[in-house]
Structures are given as C-alpha cells and as structure tokens.
Amino acid sequence: MRTIMENLDGAGGSARADEVGSRYGLMKPPELTAEIASRRWRELNRLIHACMVLHGVGRDRRPFQRLLRTAGALVGATRGIFYMRCEGESALEAVAASGFLRGVPERLRSGSELAGVAMRVGKPLLVSRPTESWLEEEMRWLGESSCVVFPILREGQPWGVLQLLRSEAFSEEEAVLLWMYALVVEDALPSLAQAVRDNEPSISSTSSHAGLISLSVFESRLDWELECVLWGGRSSTLLRISLSPHGGGPQEEPLRQSKVLRVVRSCLRGVDLVSPGAAGDLLVFLPEMDASEGQQVAQKIRRALVQSRVLGEESAVIHSLRIAQATCPDQGKRREDLLRSLDSQT
C-alpha cells in the first residue's frame, strides 16, 4: 500500500498538494500583531503557558502526547493527532493522539492527506466544511468538521505535523498563534533532546560487572537514546558482535567473556553501552555516532579482537567474527527497527 507522502510525490499528487496549499494555506505570517494580542488575549496567555510547559517535555515519559495536549489546549481543540516522518522520510506515522475514544482509525495511522500536504507546502492549513468529496470523506474519518494542520521543522527539514480538530471553525488568528508555537518548538528541539538524555535511568546499580549492563537495562537506555535522536540529536548507531564458537569447556566461558569484554571496552568511549545479546552475542550502542563513525568503531573492534587472540588463532577468527551495524534514523527510529536491520545482515 502506498503511503500518503508517496501519493503526494507523484505528478497528480503534487498538483493536488499545490491546489490544497493554495486554497487552504494560511495567508497571515506567524507574527503577533497588536490586533491579535487585543482580540486573542486568552489564547495568548495559553501560548505563554504552553511555551513554559516545553521546559518539562524532556522529562515526560510521553513527550509527544504533552506537545499535542498543549497545542490543543491553546485553541480548544477536541481531537488531535501528532504525526512524525518515518521510513526514510517517505511516510508519516501517528505517535500521539487525543479525543479518539476508540483509537485513531487505521486509515489515519500512516497520515491523513491533509497532514501530508501541510508537510509538503511547509505552512499551516485551515479547513472547515470542505466541498471537495475526498476532503469531506477525510473529515468524516477525522470526526470533526474543522481542522488546522501545521508542520514542525527540525533544522529546516520536515520533522512532524500536528493536526487539531473541533466542530467550530478555526480562525486565521488561532492558526497564527499555533504557527508561533510551532516555531518555539522548533527552536527548543535541541535542548529537548538534551533534556531527554539528562533524564535517562541510571545504570550504576544494575551492571553485572564492569562495563556490561543487563539486556533489560540496555533496552531501556537504548529507547531513551533513540528518543534523543527524534528530538533533534545526532544519529546514533547500534552494533551486534557475533562471536565465533568457543572450543573450550563451560568452565572457561566466563573468563573468555571477560577478556572479550575488556577488548571491546578498550575500543569504546565511556558513554557507549554494552550488553549481552539473546544469542550469546554482544550489543554495543554508540550514542551520537553516524553510520561512518560507527563503521570506524566496528573496524577498530574487529581488529582488536583478532589481534588479541581471545577468540582463537587469527586465521580461524578473521572469517567467523561478524559485526552488524544499524544507524538511527537511517535504518529506523525504534529499537525494534534497528534490531530487524541487524537480523537482516546475518
């Protein structure tokens, strides 16, 4: 099934996006005028509060839900969906929703067409009781007669889309305030990434021995780090080191593992995470390292393990030692996506 963004990338889809953007796109710039301030002082107070709330988003277990909730409260929306770009920038994915008692309809989970258009044209859209048949159908699925959709950029590139809904038509002035809020969020994304990282769970009391953490703690930390990437941090890389079979007895295995870990750790930074995998391998996470940097670390680990001979003679190890690599967001934005990418390389 083609995604919303792929549909809009074709010639016909591009023409439709341009037409919708021209007809429903916000005409006023995101500037606070004296007239808006005097007429919308209640909404302006909510905007100030929403901006203050941003300081706590990074410490929230559901940060996307917090952003959606504060934006909706700003204009009194009864429903809302927060979409993020995914799958190599070719699709949208609903990461938070409110007001849908039975959950977001399946056909909207990968993006509404209005959300795709807003991301493509790069400005808010205001739609109320449309006459186009396809828009009427979409509004029925969304469950309200009026909506405002506005994109959020990260470093100038599409990052997410907020779609808010209610029965009463949204005004241009409300959309202007939402656009201003989006600009504040865009400016705050780097600091939000750091806030997420600062709130990561401690691993000091959960290490089985120096340099190695349990798989459950590793997964928790990995999820937090991937959240940092989504909020505007640099790419991060996950490695899986598949070790050659051990020829010695079971009593020798702990010593061998300790030697392997010591060699691997000598190639890493203090912030890098190492955990035993489910199949006797090692998982290594490299925060804020892109694909090329991660490849350099993988080569360094391979060279160190081969030269150390902790896995056996060099001639026997060099072809059996495998190190798979997956980078966020290139190979996925979630732990499961990265692990699937690692599996496909073995």
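It should be noted that the structure appears before, not after, this text.
I will try to describe carefully the structure that is included in this document. From a predicted model like this one, the values you see are computed outputs, not experimental measurements.

If you tally the helices and strands in the protein chain, you get 13 helices and eleven strands. Nonlocal contacts in the protein chain, meaning residues at least 24 apart in sequence, comprise 68% of its contacts between residues at least 6 apart. When the accessible surface of the protein chain is totalled, it reaches about 16,700 Å², and 50% of it is carbon and sulfur.

Bringing the packing of aromatic side chains into the picture now. Enumeration over the complete set of coordinates arrives at three aromatic pairs. Plain terms: the ring middles of Phe64 and Phe82 are 5.5 Å apart, the flat faces sit at 75° to each other, and that makes the pair edge-to-face. Taken together, the residues Phe64 in helix H5 (residues 63–75) and Phe82 in strand E1 (residues 79–86) connect sequence positions 18 residues apart. Here the aromatic rings of Phe64 and Trp159 are separated by 6.3 Å at their centres, their planes lie at 40°, and the arrangement is tilted. With Phe64 in helix H5 and Trp159 in strand E5 (residues 157–166), this residue pair connects regions lying 95 residues apart in the sequence.

With respect to topology, four strands assemble into an open sheet ordered E9-E10-E8-E11, the strand pairing being antiparallel. The open sheet has two free edges, formed respectively by strand E9 (273–276) and strand E11 (322–328), since each of these has just one partner strand. The sheet shows a mean angle of 20° between the axes of neighbouring strands, taken without regard to direction. Bridge count between E9 and strand E10 (residues 282–286): four bridges; the pairing is antiparallel. Bridged to Ser275 within E10 is Leu283.

Counting buried residues along strand E4 (residues 146–154), seven of its nine residues qualify, which places the element largely inside the surrounding structure. Sheet topology note: the strand E3 (residues 125–128)/E4 ladder contains four bridges and is antiparallel. Bridge pairing in E4 places Leu126 opposite Val148.

Each neighbour pair has its own omega, and for Cys328 with Pro329 the value is 10°, a cis peptide bond. With respect to the helices, strands and loops of the structure, Pro329 is situated in the loop between E11 and helix H13 (335–344). Positive phi values are uncommon outside glycine, yet Glu288 reaches one of about 55°. Along the chain, Glu288 turns up in the loop between E10 and helix H11 (291–308). With a relative accessible area of 32%, Glu288 lands in the partly exposed category.

Turning our attention to the environment of Ser292. For Ser292, the position within the fold is in helix H11. For Ser292 and Thr327, which are 35 residues apart along the polypeptide, the C-alpha to C-alpha distance reads 9.6 Å. At 3.0 Å, the side chain of Ser292 and the side chain of Asp290 are in polar contact.

Our focus in this paragraph is H5. If you check H5, its first and last C-alpha atoms are 19 Å apart, about what 13 residues at 1.5 Å a residue would give, namely 18 Å. Burial runs high along H5: eleven of the 13 residues are buried. Of all the positions in H5, only Pro63, Phe64, Gln65, Arg66, Leu67, Leu68, Thr70, Ala71, Gly72, Leu74 and Val75 are classed as buried.

The subject of this paragraph is the pattern of salt bridges. Throughout the structure, instances matching the rule amount to 15 salt bridges. The salt bridge partner of Arg240 is Asp281, with a shortest N-O separation of 3.4 Å. Residue Arg240 is found in strand E8 (residues 236–242), and its partner Asp281 is found in the loop between E9 and E10; the two are separated by 41 residues along the sequence. On the basis of relative accessible area, Arg240 is assigned to the buried category, the value being 13%.

On to the pairing of E10. In terms of burial, E10 is a largely internal element, five of the five residues being buried. Taking every second residue as pointing to the same face, both faces of E10 are buried, with Leu282, Val284 and Leu286 on one and Leu283 and Phe285 on the other. Sheet topology places E8 next to E10; five bridges connect them, and they run antiparallel. Pairing of Leu238 across the sheet is with Phe285, part of E10.

About the cut-offs
Residues numbered from 1 in each chain as written. Predicted model: local features only at pLDDT ≥ 70, side-chain atom pairs only at ≥ 80, totals over all residues. Heavy atoms only, no water. Helix = DSSP H or I, 4+ residues; strand = E, 2+ residues; numbered from the N terminus. Contact = heavy atoms within 4.5 Å. Areas by Shrake-Rupley, 256 points an atom, 1.4 Å probe, with all protein chains shown as cover. Phe/Tyr/Trp six-rings, centres within 6.5 Å; stacked < 30°, edge-to-face > 60°. Pairing = 2+ DSSP bridges. Axes fitted to C-alpha atoms, helices over the stretch in contact; angles between N-to-C directions. Buried < 20%, exposed > 50% of the residue type's maximum accessible area, 1.4 Å probe, protein only. Polar contact = N/O pair within 3.5 Å; in protein donor to acceptor, adjacent residues only side chain to side chain. Expected span 1.5 Å × (residues − 1). Salt bridge = Lys/Arg side-chain N within 4 Å of Asp/Glu carboxyl O.

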